[in-house]
Amino acid sequence: MRLGLLYSGGKDSTLAALLVDRFYDVTLVTAHFGVTDEHEHAERAADAAGFEFRALELDREVAEEAVERMREDGYPRNGIQHVHEEALEAVAALDFDAVADGTRRDDRVPTVSRAQAQSLEDRHDVDYLSPLAGFGRSAVDRLVDAELDVEVGPSEEIPRADYEAELRAMLRAEHGEDAIREVFPDHDQTYVHGLRE
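Residues numbered from 1 in each chain as written. Predicted model: local features only at pLDDT ≥ 70, side-chain atom pairs only at ≥ 80, totals over all residues. Heavy atoms only, no water.

A. Region of the structure containing the nonpolar core. Counting 31 residues, the largest nonpolar core has V83, V91, V99, Y163, L167, L171 and F184 as its most contacted members. Looking at this core, the elements with two or more residues in it are β2 (25-32), α3 (60-73), α4 (77-92), α5 (114-124), α7 (163-175) and α8 (177-183). With residues near it in sequence (within four places) discarded, V99 still touches G4, L88, V91, A92, L120, V126, D127, Y128 and L129. Counting 27 residues, the second-largest nonpolar core is a separate cluster that includes Y7, Y24, A98 and V144. (Core = buried A, V, L, I, M, F, W, Y, C linked by side-chain atoms within 4.5 Å. Buried < 20%, exposed > 50% of the residue type's maximum accessible area, 1.4 Å probe, protein only. Helix = DSSP H or I, 4+ residues; strand = E, 2+ residues; numbered from the N terminus. Contact = heavy atoms within 4.5 Å.)

B. Local environment of the sheet that holds β2. With parallel pairing, five strands are arranged side by side in an open sheet as β3-β2-β1-β4-β5. Each edge of the open sheet carries a strand with a single partner, namely β3 (52-57) and β5 (127-129). Across the sheet, the axes of successive neighbouring strands diverge by a mean angle of 25 degrees, strand direction being ignored. In this sheet, β5 lies alongside strand β4 (residues 98-100) in parallel orientation, the contact comprising three bridges. (Pairing = 2+ DSSP bridges. Axes fitted to C-alpha atoms, helices over the stretch in contact; angles between N-to-C directions.)

C. Helix α2 (residues 39-49), seen in detail. Along α2, the positions that sit buried rather than exposed are H39, H41, A42, A45, A46 and A49. Taken end-on, α2 shows its buried residues confined to a sector of 145 degrees, consistent with a single buried face. G50 occupies a position one or two residues after α2 and carries a positive phi of about 85 degrees. (Arc of directions from axis to C-beta.)

D. A look at the packing of aromatic side chains. One pass over the structure, following the stated rule, counts zero aromatic pairs. Across from the ring centre of F184, 4.7 Å away, lies the NZ or CZ of R168, which sits over that ring. (Phe/Tyr/Trp six-rings, centres within 6.5 Å; stacked < 30°, edge-to-face > 60°. Lys NZ or Arg CZ within 6 Å of the ring centre and 35° of its normal.)

E. A look at α3. The terminal C-alpha atoms of α3 lie 20 Å apart, and with 14 residues this matches the ideal 20 Å at 1.5 Å per residue to within 8%. What α3 keeps buried is the set V62, A63, A66, V67 and M70. The buried residues of α3 occupy an angular sector of 135 degrees when the element is viewed end-on, so they sit on one face. Check the buried side of α3 and you find it contacts α4, α7 and α8. The positive-phi residue at the C-terminal boundary of α3 is G74, with phi of around 85 degrees. (Expected span 1.5 Å × (residues − 1).)

F. Broad picture of the layout of surface pockets. The space that makes up the largest pocket amounts to roughly 1,300 Å³. Along the wall of the largest pocket there are 43 residues; nearest its centre are D12, D107, V109, H187 and Q189. Listed by contribution, the elements that provide at least two residues to the lining of the largest pocket are α1 (11-20), β2, α4, α6 (137-147), β6 (148-154), α7 and β7 (188-195). Take the lining of the largest pocket: its biggest share by element is four residues, from α6. Partitioning the lining of the largest pocket into residue classes produces 16 nonpolar, eleven polar and 16 charged. (1 Å grid on protein atoms, 1.4 Å probe; cavity = no way out; pocket = protein on both sides within 12 Å on 5 of 7 lines; lining within 4 Å. Points joined across faces, edges and corners; volume = space filled by probe spheres on them. Nonpolar A, V, L, I, M, F, W, Y, C, P; charged D, E, K, R; others polar.)

G. Broad picture of the side chain of H41. Along the chain, H41 falls in helix α2. For H41, the residues in contact, after removing those within four places along its chain, are P159, R160 and Y191.

H. Focus on the pairing of β2. Counting buried positions along β2 yields seven of eight residues, so the element is predominantly enclosed. Inspection of the sheet shows strand β1 (residues 2-6) paired to β2 by five bridges, in the parallel sense. Bridged to L3 within β2 is V26. In the classification by handedness, the crossover that spans β1, the intervening α1 and the parallel β2 is right-handed. Sheet topology places β2 next to β3; six bridges connect them, and they run parallel. Residue pairing across strands places L28 opposite F53, the latter belonging to β3. Handedness of the crossover joining β2 and β3 through α2 is recorded here as right-handed. (Right-handed = clockwise from strand over helix to strand, strands pointing away.)

I. Just the pattern of salt bridges, in detail. Counted under the stated rule, the structure contains 13 salt bridges. A salt bridge links R104 to D12, with the nearest nitrogen and oxygen atoms 3.1 Å apart. Of the two residues, R104 is situated in the loop between β4 and α5 and D12 in helix α1; the sequence distance between them amounts to 92 residues. According to the relative accessible area criterion, D12 is buried, its value standing at 16%. Residue R104 pairs with D107 through a salt bridge whose shortest N-O separation is 3.0 Å. Pair check on accessibility: R104 and D107 agree, each one buried. Through salt bridges that share partners, D12, R104, D106 and D107 make up one connected network. (Salt bridge = Lys/Arg side-chain N within 4 Å of Asp/Glu carboxyl O.)

Below you can see the structure in the form of structure tokens.
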């Protein structure tokens, strides 16, 4: 069975891929908007972890809507949630038997409700998996420490291919550097360099 897993090049989505790899033919899929070449970071991480990779360009209007929501809200949650839902829809519409992501039990964003998951499955005739849904942050961190070579650092300094990178670029281009600080709180990101020896 073929599974498309939304992939950022970070620890959560890489760990999710490792967990389902025994049961599925996994392709890591990075959704992007063609705004930057950030998706190439995910391709390198996927290659280093030994997975097939696919870049999927989403409609730029999705990103524009997300940026507008973030500006109106003053925080990124609803904008990133919007992009994640659209990305799941796009991957589910491809030639996969199942779709997955790296969302954890205690994530604030993105999240996928039971109703959203069932709707996605029913409309696209796919299975939706959230391999990390039962794992809290500390459990994920312990597994990652044992299995992955990961770089951790401030969001603006770590190479990554999550939605945030392109949304930041669009926000900066449209509203300036101050808008980034107004919308995004300081936080760390991760980037996977490969599996531990």
